[in-house]
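Understanding the architecture of this molecule
Take a look at the letters that make up each chain.
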Amino acid sequence: MPHSLHPDLLRAFVTVVESRGFSAAAKRLHLSQSTVSLQIKRLEDQLGVRLLDRSPHHLRPTHDGEALLERARKILSLHDDLVTRFDEQRLSGVVRLGAPEDFATVHLANVLSRFAASYPDVVLEMRCELTLDLEKRFEGGGLDLAIVKREPGDALAGRRVWREPLVWVGASENAAEQTDLPLVVSPSPCVYRKRATEALDQAGRPWHIVYICASLAGTHAAVRAGLGVSVLAKDMVPEDLFMLDAAQSGLPDLSDTEMALLEAPSIPPAAERLRDTIIRELEHGPAGLML
């Protein structure tokens, strides 16, 4: 008879891989690190293969682990959907979620709409603020979940749930022809603003700030009016603005941006369900949960 694999063992394995470690996985699963280690050992013993390559500096799935990872995610998705089907009407409570306005507008609106339709008794309290303000609110206990911008490799806690390229945008293809480049930016500190100014400084390109706005709509309007150029995530560029070719415009290349999901130490069941929904939905983004 084939082995029966308990979903908890599969969930432990997937979480360890996605968290890149046992300590972070244990925190997410609300278990001790030793319990998670035992779950992985049980899974390896049942399958008769080694699933993880471990060293002091890295943890990654083996060839067999990679094969299991894809299938385990599908199994857990079906398992969670089945559980949701029978308990969705019983889930209730308040979930406090924060995210930058641009990301919430473009990528979260449909996710939250479907979640609200599935769980009508759950009240969503959404905060759209700059990452710095979200971090302060989260650290003060004012949010259950927060999605924040960060530099790749940043030591900021949280799980990376999104990654996509940044691009220069302007009102026309010639928007960057001025030697002293006019910039439309968000208030400091801002990952996009920092990325733009540091890249220009490294390239030796003079620049000056002409417009500061915290909202995505305001940034679009300023660029559309020809006040200057800005940096946006590629998916957030409207059709009437131009993505500027770096080589032709003499602008430096920009590296990708990351979004991280922060989770409070103790969150209600409704927040856990929203967390899982966001992670599952964002896996289908431009780069998914890149490991």
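All of the points below concern the structure found in this document. (Residues numbered from 1 in each chain as written. Predicted model: local features only at pLDDT ≥ 70, side-chain atom pairs only at ≥ 80, totals over all residues. Heavy atoms only, no water.)

**Overview of the pattern of salt bridges**
Considering all chains together, one arrives at 17 salt bridges under this definition. Between D240 and R224 there is a salt bridge, with its nearest N and O atoms 2.5 Å apart. Highlighted residues: D240 in the loop between β10 (230–233) and β11 (242–243) and R224 in helix α8 (residues 216–224), separated in sequence by 16 residues. Given a relative accessible area of 40%, D240 falls into the partly exposed group. Residues joined by salt bridges that share partners form a network here, namely R150, R160, R163, D256 and E258. (Salt bridge = Lys/Arg side-chain N within 4 Å of Asp/Glu carboxyl O. Helix = DSSP H or I, 4+ residues; strand = E, 2+ residues; numbered from the N terminus. Buried < 20%, exposed > 50% of the residue type's maximum accessible area, 1.4 Å probe, protein only.)

**Things to note about the pairing of strand β4 (residues 122–128)**
Pairing of strand β3 (residues 93–99) with β4, which is carried by 7 bridges, proceeds in the parallel orientation. Its bridge partner being in β4, G98 is matched across the sheet by R127. (Pairing = 2+ DSSP bridges.)

**Concerning empty space enclosed by the protein**
One pass over the structure, following the stated rule, counts 2 cavities of 30 Å³ or more. Looking at the second largest cavity, its volume works out to about 30 Å³. Every residue along the wall of the second largest cavity is listed here: D102, F103, K149, W162, E164, Y192, A233, M236, T257 and M259. Elements supplying a minimum of two residues to the lining of the second largest cavity: α5 (101–118), β6 (159–164) and β12 (257–263). Considered class by class, the residues forming the lining of the second largest cavity number 6 nonpolar, 1 polar and 3 charged. (1 Å grid on protein atoms, 1.4 Å probe; cavity = no way out; pocket = protein on both sides within 12 Å on 5 of 7 lines; lining within 4 Å. Points joined across faces, edges and corners; volume = space filled by probe spheres on them. Nonpolar A, V, L, I, M, F, W, Y, C, P; charged D, E, K, R; others polar.)

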